[in-house]
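Spelled out from the first residue to the last, the chains are:
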Protein chains: 2
Amino acid sequence: MSLNDAFRALDRQECLRLLAKAPVGRVVYTRQALPAVLPVNFSLDTDASVLLCTSPGSDLVAAIDDVVVAFEADEFDAVARSGWSVVVTGRATVVTDPAEHERLARTGPRSWMPLHDAAFVRIESEMVTGRELRGALGVAH
Amino acid sequence: MSLNDAFRALDRQECLRLLAKAPVGRVVYTRQALPAVLPVNFSLDTDASVLLCTSPGSDLVAAIDDVVVAFEADEFDAVARSGWSVVVTGRATVVTDPAEHERLARTGPRSWMPLHDAAFVRIESEMVTGRELRGALGVAH
């Protein structure tokens with residue numbers, strides 16, 4: 001099996017379709033000059049940006065507001081050694097517009113954690129890459 | 001449900017036990033000054049370092065050799081909103097010692113991809129953190 005047989009690059013629409021069905025993704029950022037990653041639930045907004053709902057006082061909000069981050073989701077079958085992974089790279093911003101915040105409170109992601117107050121974080125899908133792995137896993141090539 | 005009820009910090013041994021049963025993790029690093037993440041299969045060495053097997057010429061090797069990276073694995077139940085996540089943070093180094101390379105060729109991780117030549121990357125488990133989520137997902141607090 002050649003590498004070309006094992007990997008197939010996914011186009012933006014395929015990536016977004018896969019992201020839309022993933023319940024959990026991982027925010028990749030830098031914290032205190034070290035690489036950091038945090039799994040979170042999310043939803044996709046109508047403009048294909050990634051929406052997170054968290055606490056306004058969270059370490060995550062402090063670390064990623066107005067910073068370029070990566071957001072990854074994947075699904076693998078360890079037996080078949082197949083699956084897919086998608087990475088969105090873009091600027092994360094806390095939603096501050098009251099009308100937008102109200103809209104997301106109705107239509108955006110719900111935190112899987114009880115929150116006294118909710119902050120919505122938007123990650124712009126400036127760069128969306130993904131690949132499908134057919135009978136091989138994503139060791140880097 | 002309070003946050004304390006929802007989250008439980010995992011000690012190093014619990015983290016390593018969970019990592020040992022995870023088939024896939026995600027290397028978190030920086031590529032061209034941007035946050036990057038790549039899912040890979042892996043194994044744990046006897047010293048609890050994370051071992052990857054990839055191609056010597058891979059972009060991943062070029063990006064992470066002798067660099068501090070994070071390595072994350074998780075497992076969530078989207079219905080129960082429960083699960084766990086573990087993050088190992090430490091220096092990644094390509095194994096260059098011939099005897100060590102030979103040992104890992106016998107006992108280390110096998111690439112899920114056919115490789116003409118295998119490079120082993122070791123991520124030292126300098127910092128190991130994890131948490132168990134009971135009825136809540138890892139939105140940041």
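Everything below is about the structure shown above.
Right, let's walk through the structure included here. On a predicted model such as this, the values are computed, not experimentally measured, just so you know.

### As for the packing of aromatic side chains
A ring pair, where both rings are aromatic, is described by two values, the distance of the centres and the angle of the planes.
Residue and element names in this part refer to chain A.
Part 1: Tallied over the full model, the rule gives two aromatic pairs over all chains.
Part 2: Aromatic side chains Phe42 and Phe71 sit 4.8 Å apart centroid to centroid with 65° between the ring planes, which places their arrangement in the edge-to-face category. Pair noted here: Phe42 is in the loop between strand 3 (34-41) and strand 4 (43-44) and Phe71 is in strand 6 (residues 67-77), with a separation of 29 residues, a long-range link.

### Here we look at the pattern of salt bridges
Part 1: Throughout the structure, instances matching the rule amount to 26 salt bridges over all chains.
Part 2: Across the salt bridge formed by Glu72 of chain A and Arg26 of chain A, the nearest N and O atoms sit 3.0 Å from each other. Here Glu72 of chain A, found in strand 6, pairs with Arg26 of chain A, found in strand 2 (residues 24-31); they are 46 residues apart in sequence, far enough to count as distant.
Part 3: You can call Glu72 of chain A buried: its relative accessible area is 0%.
Part 4: The residue Asp45 of chain B makes a salt bridge to Arg103 of chain B at a minimum N-O spacing of 2.7 Å. Of the two residues, Asp45 of chain B sits in the loop between strand 4 (43-44) and strand 5 (50-54) while Arg103 of chain B sits in helix 4 (residues 98-107), which places them 58 residues apart along the sequence.
Part 5: The partly exposed category is assigned to Arg103 of chain B, whose relative accessible area is 25%.
Part 6: Connected via shared salt-bridge partners are Arg26, Glu72 and Asp74 of chain A together with Arg26, Glu72 and Asp74 of chain B.

About the thresholds
Residues numbered from 1 in each chain as written. Chains lettered and ligands numbered in written order. Predicted model: local features only at pLDDT ≥ 70, side-chain atom pairs only at ≥ 80, totals over all residues. Heavy atoms only, no water. Phe/Tyr/Trp six-rings, centres within 6.5 Å; stacked < 30°, edge-to-face > 60°. Helix = DSSP H or I, 4+ residues; strand = E, 2+ residues; numbered from the N terminus. Salt bridge = Lys/Arg side-chain N within 4 Å of Asp/Glu carboxyl O. Buried < 20%, exposed > 50% of the residue type's maximum accessible area, 1.4 Å probe, protein only.

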